Amino acid sequence: MNKIESLKLEYYKTISLIKENAYSLKEIDYFVNLSKEYCENLFETKNSPRLFLLDPLFPTEIIKAMGIEYQFIFGGSFVATEINEFNLPKKVDDEIKSILGILGTLNLKENDVVLVPLINDNYRKLSSLLCGLVKTISYEVTKDKKRYNSQIKKVVLKLKKHFKKNLSFKKLNFECKLSKKASEVFVKFEKIYSDGNQLISPLIFLFISNTYYMSDNKLDWSSHLSKLIDTMGLNQNLKLENKNSKILMFGSPIYFPNYKIPIALLEQNIFVTKFVYPFIENIKIYNNFSYRFFTVNRVCNQYYFFFTRLDTIPELIMYLTKKENYKVLLCLITKGQINIDEQFIELKKILLEKKTISIKIETMFNYQDIEQIRTKLEAISEIW
């Protein structure tokens, strides 16, 4: 079995698990098919230059307004961590190994482009590893608003030149309105989920959130999510009985297809009330956008607001804990992601006074520690 076949097998095993745990929701078929299409398209050989995104920090509406097709590379494949096409430094976390493993199977060409956000040392290492094999366009994600906007605009100029495309402001307005619609629908979906509707498990919630980045048609995605919401609304009686100990989870992102943690949550019958992750918050980025027209500056400002909000995770979680009275704080840390560990330590000190139980799960993408994880989750299930 070659590398691509091994990756596809992992993807399709996860898709089968999703189907098994969707509780016969008819509308889940759309999202399952979307993940299948994503898998097939990702490994399809193309002659024209390709654009790959590694993070939700860059305004995709601007890219679509230029008529450039793109694909997200999720750093969530365990199989990909074992595909070593690069001379990796010792201290590289599994998310970066996974991204590089997937890129290593895609027969990259010099005119393919990878956008790399310089958000931490791991991503800086990734940028240098790809140098010479593919065109990398790096950009700083900085707290300086003017500099952030300037960085985004520099990337736009480079994309225009490389792909020989122009930015249509009419198209930008259209794409942003689609994203705003998706934001509004997703906020409703998240609210019904957080209220404890049993039709949607944490596993299914995370999967549907991930599919937002697999879709190239936000209108379709929003429409099918609305239909799913209608189904959930008709079953409001199917709510969790025990909601006294609400759980908030944050930390290292949980990307398709590595759903080891949400599957373990499902096994222990643990319901996570709220997930705080960039790939989830980003879907809601235009929910409170009040302007009638979208410009590049306004789009940059929205993304800047999103980034700075997530850059202060401890403050955001403190606010949410106080507002919603979460009793358990669950932090997932992929080994090597030091910044998340530091956030957890800071939060644990503060929340100790508020009698919030803080639990850390440190893991890697392999399955060797699954029993240890189950033991920790058993402790939560007793509280919950």
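Since this is a predicted model, take the numbers as computed values, not measurements.

Quick notes on the rules
Numbering of residues starts from 1 in every chain and runs along the sequence as written. Local features in a predicted model are, by the rule used here, given only for residues with pLDDT of at least 70; side-chain atom pairs are given and counted only at 80 or more, and totals for whole chains, interfaces and linings are based on all residues. Each side-chain value is worked out from all heavy atoms of the structure, with water and hydrogens disregarded. For two strands to count as paired, DSSP must find a minimum of two bridges between them. Helix numbering and strand numbering both begin at the N terminus, where a helix is a DSSP run of H or I of at least 4 residues and a strand a DSSP run of E of at least 2. Note on contacts: a residue pair is in contact if any heavy atoms of the two residues lie within 4.5 Å. Think of each axis as a best-fit line through the C-alpha atoms, taken over the contacting stretch in the case of a helix, with angles from 0 to 180 degrees between the N-to-C directions. Side-chain atoms alone can form a polar contact between residues adjacent in sequence; in general such a contact is a pair of N or O atoms within 3.5 Å, and within protein one must be able to donate a hydrogen while the other accepts it. The patches reported here contain residues having more than 30% relative accessible area and no salt bridge. Joining distances are 9 Å for like charges and 5 Å for nonpolar side chains (Val, Leu, Ile, Met, Phe, Trp, Tyr). Methods summary: accessible areas were calculated by the Shrake-Rupley approach with a probe of 1.4 Å, and residue burial reflects only the protein chains presented. By definition here, a salt bridge exists when the distance from a side-chain nitrogen of Lys or Arg to a carboxyl oxygen of Asp or Glu is within 4 Å. Neither His nor the chain ends is counted toward charge; the positive residues are Lys and Arg and the negative residues Asp and Glu. Lys charges are placed at NZ, Arg charges at CZ, Asp charges at CG and Glu charges at CD. Throughout this description, buried means an accessible area under 20% of the type-specific maximum (1.4 Å probe, protein chains only), exposed means over 50%, and partly exposed covers the range between. A helix is expected to span 1.5 Å for every residue after the first. Relative orientations are named as follows: roughly parallel for angles under 35 degrees, roughly antiparallel for angles over 145 degrees, roughly perpendicular for angles from 65 to 115 degrees, and oblique for any other angle. Three residue categories are used. Nonpolar comprises Ala, Val, Leu, Ile, Met, Phe, Trp, Tyr, Cys and Pro, charged comprises Asp, Glu, Lys and Arg, and polar comprises the others, including Gly.

Draft legend 1. Representation of the sheet that holds strand 3 (residues 113-118) within the structure. With parallel pairing, the four strands of this open sheet are ordered in space as 2-1-3-4. Each edge of the open sheet carries a strand with a single partner, namely strand 2 (71-72) and strand 4 (135-140). Note that strand 1 (residues 51-53) and strand 3 share three bridges and pair parallel. Bridge pairing in strand 3 places Leu-51 opposite Val-113. Across the sheet, helix 7 (residues 145-163) touches strand 1, strand 3 and strand 4, and the angle it forms with strand 4 is around 165°.

Draft legend 2. Representation of the side chain of Ser-77 within the structure. If you trace the backbone, Ser-77 turns up in the loop between strand 2 and helix 4 (78-81). A distance of 2.5 Å separates a polar atom in the side chain of Ser-77 from a polar atom in the side chain of Glu-10. Here Val-79 takes part through its backbone nitrogen, which lies 3.4 Å from a polar atom of the side chain of Ser-77. Excluding anything up to four places from it in sequence, Ser-77 contacts Leu-7, Glu-10, Tyr-11, Ser-98, Ile-102, Pro-257 and Phe-365.

Draft legend 3. Quick look at a negative patch on the surface. A surface patch of negative charge is lined by Glu-37, Glu-69, Asp-216 and Asp-220. Relative to the assigned elements, Glu-37 resides in helix 2 (residues 28-42). On the basis of relative accessible area, Glu-37 is assigned to the partly exposed category, the value being 45%.

Draft legend 4. How the structure looks around unusual backbone geometry. Each neighbour pair has its own omega, and for Phe-256 with Pro-257 the value is 5°, a cis peptide bond. Within the secondary structure, Pro-257 sits in the loop between strand 5 (247-251) and helix 11 (260-267). At Lys-164, a position not held by glycine, the phi torsion is positive, near 55°. Tracing the backbone shows Lys-164 in the loop between helix 7 and helix 8 (169-194). With relative accessibility at 73%, the residue Lys-164 sits in the exposed group.

Draft legend 5. How the structure looks around helix 14 (residues 313-324). Here helix 14 contains twelve residues, and its C-alpha end-to-end distance of 16 Å stays within 8% of the 16 Å for a straight helix at 1.5 Å per residue. Directly after helix 14, the chain includes Asn-325, whose backbone phi takes a positive value near 60°.

Draft legend 6. Highlighting the packing of helix 8 against helix 9 (residues 202-211). Between helix 8 and helix 9, the least distance of the axes is 11 Å, while the angle of their chain directions is 170°. Between helix 8 and helix 9, the interaxial angle falls into the category roughly antiparallel. Across the interface between the two elements, Phe-186, Phe-189, Glu-190 and Tyr-193 from helix 8 touch Pro-202, Phe-205, Ile-208 and Ser-209 from helix 9. A per-class count over the contact of helix 8 with helix 9 returns six nonpolar, one polar and one charged.

Draft legend 7. Structural detail: the sheet that holds strand 7 (residues 328-334). Spatially, the four strands line up as an open sheet ordered 6-5-7-8, and their pairing is parallel. The sheet terminates laterally at strand 6 (274-276) and strand 8 (357-363), the two strands that pair on one side only. For this sheet the average axis-to-axis angle between neighbouring strands, irrespective of direction, equals 20°. Pairing of strand 7 with strand 8, which is carried by seven bridges, proceeds in the parallel orientation. Within strand 8, the position partnered with Leu-329 by the bridge is Ser-358.

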